[in-house]
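# Coordinate inspection notes
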Amino acid sequence: MKAAGKVLGYGLSNLLRNWWVLGYGLLFFLLTDALFRFGGGGPRVVASLMNVVLIVIPLVSVVFGTLYFSNSREFIELLLAQPVGRPALFTGLYFGLALPLAAAFALGVAIPAVGHGGADLVRPVATLIIAGALLTFVFTSVAFLAGVHFEDRAKGLGFALLVWFCSAVLYDGLILFVAMVFRDYPLESALLGLTVLNPVDLARVLLLLTLDAAALMGYTGAVFERFFGTPLGIAAAGGALLLWTVVPFLLGLRGFNRKDF
Amino acid sequence: MNAPLVVSGLRKQFGKLRALEGIDMTLDAGQVTAVVGPNAAGKSTLIKCVLGLVRPDAGSIAVLGEAVGADPHYRRFIGYMPQSARFPDNLTGDEVLALLGDLRGGEAPHDGTLRASLGLTAETLARPVRTLSGGTRQKLSAIIALRHDPQVLILDEPTAGLDPLTSSHLKELVRQRAASGTAVLLTSHVMAEVEELADALVYLVDGRVRFRGSLDELRLKTGQRRVEHAVAQLMREVA
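Residues numbered from 1 in each chain as written. Chains lettered and ligands numbered in written order. Predicted model: local features only at pLDDT ≥ 70, side-chain atom pairs only at ≥ 80, totals over all residues.

### Notes on the nonpolar core
Among the nonpolar cores identified, the biggest contains 153 residues, and A:L128, B:I154 and B:L201 are the most heavily contacted of them. In terms of residue count, helix α6 (residues 122–149) of chain A provides more of this core than any other element does, 15 residues in total. (Core = buried A, V, L, I, M, F, W, Y, C linked by C-beta atoms within 7 Å. Buried ≥ 20, exposed ≤ 12 C-beta atoms within 10 Å, placed from the backbone. Helix = DSSP H or I, 4+ residues; strand = E, 2+ residues; numbered from the N terminus.)

Written out as structure tokens, the structure is:
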């Protein structure tokens, strides 16, 4: 895994000079700063940021990741012609992209938050940063999976966008549909299960619970609070997000190991 | 002593397309072997199989006696120059060389000489790759292939995009490497280049070897003095 560290180091070096990554960090910096100045401050800022984070981070990670992988194809071939194993290369490339993206977001939010926020905001802002970083890792994994399995850049991007659309937009509609059709049945446990299956929803619920806004979700919110508020709930949520990172990563790695370039 | 490269019974199929059908070939030390053929003949697939980028369906490849497989160790013997060189945009030329050097390990004894021969100055190599011309990237790629003194050198259309002077310097470097015992596998559509560099020629069509031998044997077989005419004659015969 020494080779993975070397590829990761040069990946970081390349992307930390990339205007898109710098612009991405700057976007969060300006947005967070503006919300603290004009958005009323406190948990409302975190709640507003949450809505941006849940849409923008998955979208940017999945699109940028897919294009990055597909644009690096010739360079990947050159690296594979060196005495370096495929697992090490894939791991180095993945973290070389996911880390700068997560760092750009984290710094973009953390710097203005430190400047404007008080001690009471440490927990919600930290949760927001952790949730955003995890979403970055999840959707970068999906992007690499798409990059490995689709030779055609447009098809890869299409697949990646479909995953984003289903998890960030369509899934809520599906849950609403289920809730409406089965409204006469006790659905809380089923909805809890469905939430755990979607990383975006999972991040949303975790953030709402941190902001003490679960009450807005009515009885379901109370069920969620009772579940996610316990160590078991936190472990289940954390485990599910981790699975969402690891499973697409491993599927991508499996495809990368077997791929004909 | 093991031959630098031995390919035996190599087969590869992509879906319904048979890319390679039982390729046998051996590269000897100090010999330049040109692999030529029409488009989609299987030249790139053959090179990619040797590099481990494509997994063959059957057959075997050995580089200096080490079987080509999941263990990437054998690639330390190989220098590879692809047809088109793409590197991470924001890294400088020096950083690209450092990354490839780090991954490869060991000495790069000819680094300074190569930079000088190919006209890559310290100033050029300090610039981000995105600002370098296609020809300069190709020179960078040539340095990467040659700097570790490989025992097998694989050159895929090496002079494409190079100016005549650099092209001539690169060919001279290839000749020097061959004279010092490196086995060279060359693909090119420029038959004058093949005539200038190669000792032997393998002619592929539809994934099959249709001719394998020295350039003199090729001339004798086709009755043509120039390699370009001889290969054209082979193409006509196969068609």
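### Notes on the sheet that holds strand β9 (residues 200–205) of chain B
Residues and elements named next belong to chain B. Taking strand neighbours across the sheet as the criterion, the six strands line up as β6-β7-β8-β3-β9-β10 in an open arrangement whose pairing is mixed. The open sheet has two free edges, formed respectively by β6 (78–81) and β10 (208–214), since each of these has just one partner strand. Across this sheet, the average inter-strand angle for adjacent strands is 15°, counted without regard to direction. Note that strand β7 (residues 152–156) and strand β8 (residues 183–187) share five bridges and pair parallel. Note that in β8 the partner of L155 across the bridge is L186. The sheet contacts of helix α6 (residues 164–179) involve β3 (32–36), β7 and β8, and relative to β8 the element is tilted by about 145°. (Pairing = 2+ DSSP bridges. Axes fitted to C-alpha atoms, helices over the stretch in contact; angles between N-to-C directions. Contact = placed C-beta atoms within 7 Å.)

### Description of the pairing of strand β1 (residues 5–14) of chain B
Residue and element names in this part refer to chain B. In the sheet, β1 pairs with strand β2 (residues 17–27) via eight bridges, with the strands oriented antiparallel. Looking across to β2, one finds that K12 is bridged to L20. Of the pairings in the sheet, the one linking β1 to strand β4 (residues 58–63) comprises five bridges and is antiparallel in character. Following the sheet pairing, V6 is matched in β4 by A62.

### Details of the packing of α6(A) against helix α11 (residues 231–258) of chain A
Residue and element names in this part refer to chain A. Relative orientation of the contacting elements α6 and α11 amounts to 20°, with a least axis distance of 8 Å. As far as their axial angle goes, α11 and α6 are roughly parallel. Along this stretch, α6 crosses α11, giving a crossing that reads as left-handed. In this structure, α6 contributes L134, F137, V138, S141, V142, F144, L145, V148 and H149 to the contact, and α11 contributes L241, W244, T245, P248, F249, L251, G252, G255 and F256. Classifying every residue of the contact of α6 with α11 by side-chain character gives 13 nonpolar, five polar and no charged. (Parallel < 35°, antiparallel > 145°, perpendicular 65-115°, else oblique. Left-handed = near helix turned anticlockwise from the far one by under 90°. Nonpolar A, V, L, I, M, F, W, Y, C, P; charged D, E, K, R; others polar.)

All quantities given are derived from atomic positions and should not be read as evidence of function.
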